[in-house]
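If you want the building blocks of each chain, they are given just below.
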There are 2 protein chains.
Amino acid sequence: MTYDSIFSAAQEAFLFYKNVSGKEKAAFLETLAEILEAHRAEIVPLAVRESNLPEGRINGELGRTTGQIRLFANLVKEGSWVEATIDPADPNRSPLPKADIRRILTPLGPVVVFGASNFPLAFSTAGGDTISALASGCPVIYKAHPAHPETSQKVADCIHEAIVKSGLPSALFTHIEGGIAEGQALVKHHLAKAVAFTGSHVGGKALFDLANQREEPIPVYAEMGSVNPIFTFPKKLGNEVVPLAKAFIGSLTLGVGQFCTNPGLIFVPKEHAIAFENAIADELNDIASAPMLHPGIAQAYYDSIQYLQSREELRWVKVADPKHLINGSTALAEIKAKDWLSDAVFQKEVFGAFAMMVVYKSEDELLEIAKKLHGQLTITVWAEAEELQNQLFLLNLLEEKCGRLLFKGVPTGVEVGYAMQHGGPYPSTTAPNSTSVGAHAIKRFVRPIAFQDMPQELLPDALRDGNPLGIWRMVNGLMTK
Amino acid sequence: MTYDSIFSAAQEAFLFYKNVSGKEKAAFLETLAEILEAHRAEIVPLAVRESNLPEGRINGELGRTTGQIRLFANLVKEGSWVEATIDPADPNRSPLPKADIRRILTPLGPVVVFGASNFPLAFSTAGGDTISALASGCPVIYKAHPAHPETSQKVADCIHEAIVKSGLPSALFTHIEGGIAEGQALVKHHLAKAVAFTGSHVGGKALFDLANQREEPIPVYAEMGSVNPIFTFPKKLGNEVVPLAKAFIGSLTLGVGQFCTNPGLIFVPKEHAIAFENAIADELNDIASAPMLHPGIAQAYYDSIQYLQSREELRWVKVADPKHLINGSTALAEIKAKDWLSDAVFQKEVFGAFAMMVVYKSEDELLEIAKKLHGQLTITVWAEAEELQNQLFLLNLLEEKCGRLLFKGVPTGVEVGYAMQHGGPYPSTTAPNSTSVGAHAIKRFVRPIAFQDMPQELLPDALRDGNPLGIWRMVNGLMTK
């Protein structure tokens, strides 16, 4: 099939699917979750083989994937997510009568989704981007990640099984293999209405630029990762040096450091730097190197480390050992805050289990750091309660720089729920006003439309008099059900 | 002041203002509305002189402006607009305990707003863009429209009076005069976080491109107008040929056609084309030409008309009469659907009281038109109820092409309320997922942030346990107050 015929079929499917009820969409998604679980025994070994990730992790990721699918099924079954809003008519208003205006969120049309190498299931073929787009009412043209083609095809087969079982048009989901050229062609196609991507900064920014140069620019929701800094305060670090070192190294090295939210940067007060360094050195000794997702990622990791080794500002606590190139060997370097502040290259993400420990001397330096910090998916603050009492200004600065601000625990492990925000200021994403994880991810694929004086029988059920769907709506400015 | 010092002061004001409560922001906005009304006798004559618009219209526009200000005051006083969402912790969840995650909308920072020539008050200095940004918590750097500098300065003085009276930092609002170069410098400044613009396609698209080429791309909410087509169906038009002609010409020529939503395109079935043409010709005879906003706009109008007069596909029902160049003289031309479909230039907006009447022969032609139609702010359908019974497919196509779909009345006269959507697919705007009129306009200047395990005393009031603000919140997926 040519891309023209793929998109034409998707557009035709869209005009049918956008009128399918929330309940029917939910049933389709629930069917898909069941089918994926029924094929667990085939999917998991494929994904393990193609990603080098352990079976336990992949099993968990399949659970996360079906959990996400059920979250969106519940969301569209309940139905209030469309933000139905009604401003009733007032024929007696003077000087002019007031029209009846009703607003709802409407799906955009066919969208292009790119698979991610580091989550072969949860951020790939039937992952959060695909599912939130399908839940919103948009058909998906899916570009498989070349690192796990067989896993991707198998999951795509499951999606098609669910489509057929649900009596929906097969063009609702199209699975496409290919590289950069194929991905670019999809983004450039005039019937594409939005793009979702999780991956590198270079890849995401290129798609963003391409989409903005189209005759009709379209939104690109690119989640491009970040270094997810942890800010440690003296009392807290002094009180818990060993447990915090354990937590930090655990989060840094989880999945060989191949998470968008792994903490590649930690700010440590000078007075506890040596104790903390010793504690993390102990932890690092216990971490065995493990294979990365694919050779290209391992190569990029060692290339970055090699460059950083040429920088004399860094003192290496542990150097990476590239003796088995596919293996990601943990690495950690120390740098003074003054030096870190002097060159933005030290803010660049190194995808893998590498972190920079930045030693600061004063609160003034912390403020300077907060001001210069690039946009992040997450920022974590480790402090005793009394240490934050006079830090409103610093906390405000940190808020400006992230999508999620943590005060306990570690940034890895992104909860899938209603309140999650997985997205942050540029360069962590190209769309800081959106999330790629959690219920609000559905909002990326819709836009508002208002109907003025539309006859009742033509209105979507969500906007009809008497609220036949029983959803939350805003009527005359007040929430009502 | 240099732009650097202006933005630095705005950024400093931002870090203060973002912690100001909704009630205080509302009091500030209400004070501003009162001050504007107190200065009505000075503002109105200035705006009349600088815009060539009649006094009645400007008086009404001031009322619209203060009405908008009070709408946003009520919105932030009530407070639920921040979409507070709480996913409570579950320490007993297995295999891992669940963190406490709370999401809220947070303001972006200093934003750049451009004034519009055609609404010297309601879309200018204290217009919807400025007010929705201030309501959201963002300082505004305002670039005055060169067509009404004195009106703009007077309104800016009122805003500063309100700022002083409310004890807020004066850098909350900065009034800047200048042309294209000044506007571009503002959009390029690294501390600018978003841009709002209402005006021409050329201007809006240039700002959009500029903002995307920044080191940190920022959103541009450009409302660039459209031709706002009216689709007429045979029975309806046959039944009401004279009243519909009156309504159409009234909307087309209102304010010398200088509205984003004036209908510059009407589709008419062949069987009623002659009767409708005669009826609109009668109406057109009664329309006196009137001065346009400024000579540049009149010149652009006549240039466009002159080009169209060179196109042999058009038959002129009424030609424009450029004898007084500042006056906008109504013009109307007829074209066959087949010819209209052959060249996208016929879809281009001519800003002013010009319309194209497109004569169609069949429903197939209507579908073809709907498919080829560019994105619009509004589309209007004039049909008897029975004529729409089998038109779901056409209506779906029209939905894809607009932000507001009307079934009665005319597109001019944009209600300011909760359900209004003033925005539509490109090229009518650069951000179809937003509105520049109505309560939802505030959402353009915020992004979501999630706080994980944040101590109660650091949380914004909207997210604290016990709901101290008494707002609507989503807790564990359920709406509650």
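Residues numbered from 1 in each chain as written. Chains lettered and ligands numbered in written order. Predicted model: local features only at pLDDT ≥ 70, side-chain atom pairs only at ≥ 80, totals over all residues. Heavy atoms only, no water.

Per an unreviewed UniProt entry, chain A is named NADP-dependent aldehyde dehydrogenase, and its organism is Algoriphagus alkaliphilus.

### Remarks on the overall build of chain A
For chain A, the helix and strand inventory stands at 15 helices and 19 strands. Taken over the C-alpha trace, chain A has a radius of gyration of 24 Å; the compact-globule value for 481 residues is 23 Å, and the two agree within 12%. When the backbone C-alpha atoms are referred to their principal axes, chain A occupies close to 75 × 55 × 40 Å. Looking at chain A residue by residue over its 481 residues, the buried ones come to 61%. With an accessible surface of roughly 17500 Å², chain A has 55% of that area assigned to carbon and sulfur atoms. (Helix = DSSP H or I, 4+ residues; strand = E, 2+ residues; numbered from the N terminus. Rg over C-alpha atoms; globule rule 2.2 N^0.38 Å. Buried < 20%, exposed > 50% of the residue type's maximum accessible area, 1.4 Å probe, protein only. Areas by Shrake-Rupley, 256 points an atom, 1.4 Å probe, with all protein chains shown as cover.)

### Considering the sheet that holds strand β13 (residues 331-336) of chain A
Sheet architecture is open: 12 strands sit in the order β11(A)-β13(A)-β14(A)-β9(A)-β8(A)-β15(A)-β16(A)-β17(B)-β2(B)-β1(B)-β18(B)-β19(B), paired in mixed fashion. A strand with exactly one partner marks an edge of an open sheet, and here the two such strands are β11 (315-318) of chain A together with β19 (478-480) of chain B. Shown here is a sheet whose adjacent strand axes are inclined to one another by a mean of 25 degrees, direction ignored. Taken strand by strand, helix α14 (residues 363-372) of chain A contacts β8 (230-232), β9 (265-269) and β14 (354-360) of chain A, and its axis lies near 135 degrees from that of β14 of chain A. Contacts between helix α15 (residues 392-400) of chain A and the sheet are confined to β8, β15 (376-382) and β16 (402-406) of chain A together with β2 (101-107) and β17 (446-452) of chain B, with β16 of chain A contributing the most and set at about 135 degrees to the helix. (Pairing = 2+ DSSP bridges. Axes fitted to C-alpha atoms, helices over the stretch in contact; angles between N-to-C directions. Contact = heavy atoms within 4.5 Å.)

### A closer look at the interface of chain B and chain A
Taken together, the contact pairs 71 residues of chain B with 71 residues of chain A. Where chain B abuts chain A, roughly 5800 Å² becomes buried across the two surfaces, and 58% of that area is made up of carbon and sulfur atoms. Three residues stand out in chain B for area buried against chain A, namely A419, R447 and Q452 of chain B, and they jointly supply 11% of the buried area on that side. At the junction of chain B with chain A, the criterion picks out 6 salt bridges. Residue K18 of chain B is joined to E400 of chain A by a salt bridge in which the shortest nitrogen-to-oxygen separation is 2.7 Å. Our enumeration of links across chain B and chain A arrives at 28 residue pairs in polar contact (both at pLDDT 80 or more). Those elements that provide at least two residues to the side of chain B that touches chain A are α1 (3-17), β1 (85-87), β2, α8 (201-212), α15 (392-400), β16 (402-406) and β17 of chain B. Taken together, the residues of the side of chain B that touches chain A sort by class into 38 nonpolar, 14 polar and 19 charged. Relative to β16 of chain B, strand β17 (residues 446-452) of chain A runs parallel, the two being bridged by 3 bridges. Paired with F451 of chain A across the two strands is L405 of chain B, which belongs to β16 of chain B. (Buried area = accessible area lost by both parts, 1.4 Å probe. Salt bridge = Lys/Arg side-chain N within 4 Å of Asp/Glu carboxyl O. Polar contact = N/O pair within 3.5 Å; in protein donor to acceptor, adjacent residues only side chain to side chain. Nonpolar A, V, L, I, M, F, W, Y, C, P; charged D, E, K, R; others polar.)

### Observations concerning the packing of helix α2 (residues 22-38) of chain A against helix α5 (residues 128-136) of chain A
All names here are of chain A. Between α2 and α5, the least distance of the axes is 9 Å, while the angle of their chain directions is 155 degrees. By the angle between their directions, the pair α2 and α5 is classed as roughly antiparallel. Where α2 crosses over α5, the handedness of that crossing is right-handed. Each of K25, F28, L29 and L32 in α2 lies in contact with α5, whose residues at this interface are I131, L134, A135 and S136. Broken down by class, the residue content of the contact of α2 with α5 amounts to 6 nonpolar, 1 polar and 1 charged. (Parallel < 35°, antiparallel > 145°, perpendicular 65-115°, else oblique. Left-handed = near helix turned anticlockwise from the far one by under 90°.)

### A look at the relation of the copies chain B and chain A
In the superposition of chain B on chain A (RMSD 0.0 Å, axial shift 0.0 Å), the rotation amounts to 180 degrees. Classification of the inter-copy transformation places it as that of a two-fold axis. In terms of proximity to the rotation axis, the leading residue of chain B is N212 of chain B, whose C-alpha is 3.8 Å off the axis. Of the residues that chain B buries at the interface, 100% are likewise interface residues in chain A, meaning the two copies contact each other through the same surface. (Least-squares fit on C-alpha atoms with pLDDT ≥ 70 in both.)

### Description of the pattern of salt bridges
All names here are of chain A. A full pass over the atoms with the stated rule returns 48 salt bridges over all chains. The salt bridge partner of E283 is K246, with a shortest N-O separation of 3.2 Å. In this pair, E283 is assigned in helix α11 (residues 273-285) and K246 in helix α10 (residues 241-253), connecting sequence segments 37 residues apart. What makes E283 buried here is its relative accessible area of 15%. What makes K246 partly exposed here is its relative accessible area of 47%.

### Quick notes on helix α3 (residues 40-51) of chain B
All names here are of chain B. Under the 1.5 Å per step criterion, the end-to-end length of α3 is 16 Å for 12 residues, consistent within 8% with the ideal 16 Å. Among the structural elements, α2 (22-38), α4 (55-78) and α6 (149-165) are those in contact with the buried residues of α3. Downstream of α3 by one or two residues, N52 has phi in the positive range, about 65 degrees. (Expected span 1.5 Å × (residues − 1).)

### A short note on the packing of helix α10 (residues 241-253) of chain B against helix α11 (residues 273-285) of chain B
Residues and elements named next belong to chain B. For the pair α10 and α11, interaxial distance at closest approach is 9 Å and the crossing angle is 50 degrees. By the angle between their axes, α10 is oblique relative to α11. Of the two possible hands of crossing, α10 and α11 adopt the one that is right-handed. Contacts from V241, V242, L244, A245, K246, F248 and I249 of α10 reach α11 at A275, F276, A279, I280, E283 and L284. Across the contact of α10 with α11, the residue classes break down as 11 nonpolar, no polar and 2 charged.

### Concerning the domain arrangement of chain A
Residue and element names in this part refer to chain A. Domain boundaries assigned for chain A yield domain 1 (3-224 + 431-480) and domain 2 (230-406). One C-alpha centre belongs to domain 1, the other to domain 2, and the line joining them spans 35 Å. Contact residues are listed per partner, giving 13 residues for domain 1 and 12 residues for domain 2. Between domain 1 and domain 2, roughly 870 Å² of surface is buried when both sides are summed, and carbon and sulfur atoms account for 59% of that area. Sorting the residues of domain 1 by area buried against domain 2 places N52, N118 and E223 first, and these three jointly supply 48% of that buried surface. At the boundary of domain 1 with domain 2, the tally comes to 0 salt bridges. Across the contact surface, domain 1 and domain 2 share 3 residue pairs in polar contact (both at pLDDT 80 or more). When grouped by side-chain class, the residues that make up the side of domain 1 that touches domain 2 number 4 nonpolar, 6 polar and 3 charged. (Domains from an automatic or database assignment.)

### Details of the pairing of strand β6 (residues 194-198) of chain A
Residue and element names in this part refer to chain A. Across the 5 residues of β6, 5 count as buried, placing the element largely inside the fold. Residue alternation in β6 divides its side chains into two sets, A194, A196 and T198 and V195 and F197, and both sets are buried. Of the strand pairs in this sheet, strand β3 (residues 111-114) and β6 are connected by 3 bridges, and their pairing is parallel. Along β6, the bridge assignment pairs V111 with A194. Examined bridge by bridge, β6 and strand β7 (residues 220-223) share 4 bridges and lie parallel to one another. Residue pairing across strands places A196 opposite Y221, the latter belonging to β7. Taking the sense of rotation as the criterion, the β-α-β connection linking β6, helix α8 (residues 201-212) and β7 turns out right-handed. (Right-handed = clockwise from strand over helix to strand, strands pointing away.)

### Considerations on unusual backbone geometry
Keep in mind that most residues, glycine aside, have a negative phi and that most peptide bonds are trans. All names here are of chain B. The linkage connecting S94 with the following residue, P95, adopts the cis geometry, with an omega of 5 degrees. Tracing the backbone shows P95 in the loop between β1 and β2. Of note, the bond from Y426 into P427 is cis; its omega dihedral lies within 30 degrees of zero at 10 degrees. Positionally, P427 belongs in the loop between β16 and β17. Phi angles above zero are rare outside glycine, and N476 is one such case at about 55 degrees. Along the chain, the position of N476 falls in the loop between β18 (473-475) and β19.

### Looking at the sheet that holds strand β8 (residues 230-232) of chain B
Strand order in the open sheet formed by 12 strands is β19(A)-β18(A)-β1(A)-β2(A)-β17(A)-β16(B)-β15(B)-β8(B)-β9(B)-β14(B)-β13(B)-β11(B), and the pairing between neighbours is mixed. Since the sheet does not close on itself, it has two edges, and those belong to β19 (478-480) of chain A together with β11 (315-318) of chain B, each with one partner. Neighbour-to-neighbour, the strand axes of the sheet open up by a mean angle of 25 degrees, direction not taken into account. Of the strands in this sheet, β9 (265-269), β11, β13 (331-336) and β14 (354-360) of chain B touch α11 of chain B, which is tilted by about 165 degrees from β14 of chain B. The strands touched by helix α12 (residues 295-309) of chain B within the sheet are β11, β13 and β14 of chain B, with β14 of chain B carrying the most contacts at an inclination of about 30 degrees.

### Focus: helix α12 (residues 295-309) of chain A
Residue and element names in this part refer to chain A. The terminal C-alpha atoms of α12, which comprises 15 residues, lie 21 Å apart, in line with the 21 Å expected from a rise of 1.5 Å per residue. Turning to α12, its buried residues are I297, A298, Y301, Y302, I305 and L308. Down the axis of α12, the buried set is contained in an arc of 130 degrees. They therefore lie on one face. Exposed side of α12, more than 90 degrees from the buried face: P295 and Q306 are the residues found there. Next to the buried residues of α12 lie β11, β12 (327-328), β13 and β14. (Arc of directions from axis to C-beta.)

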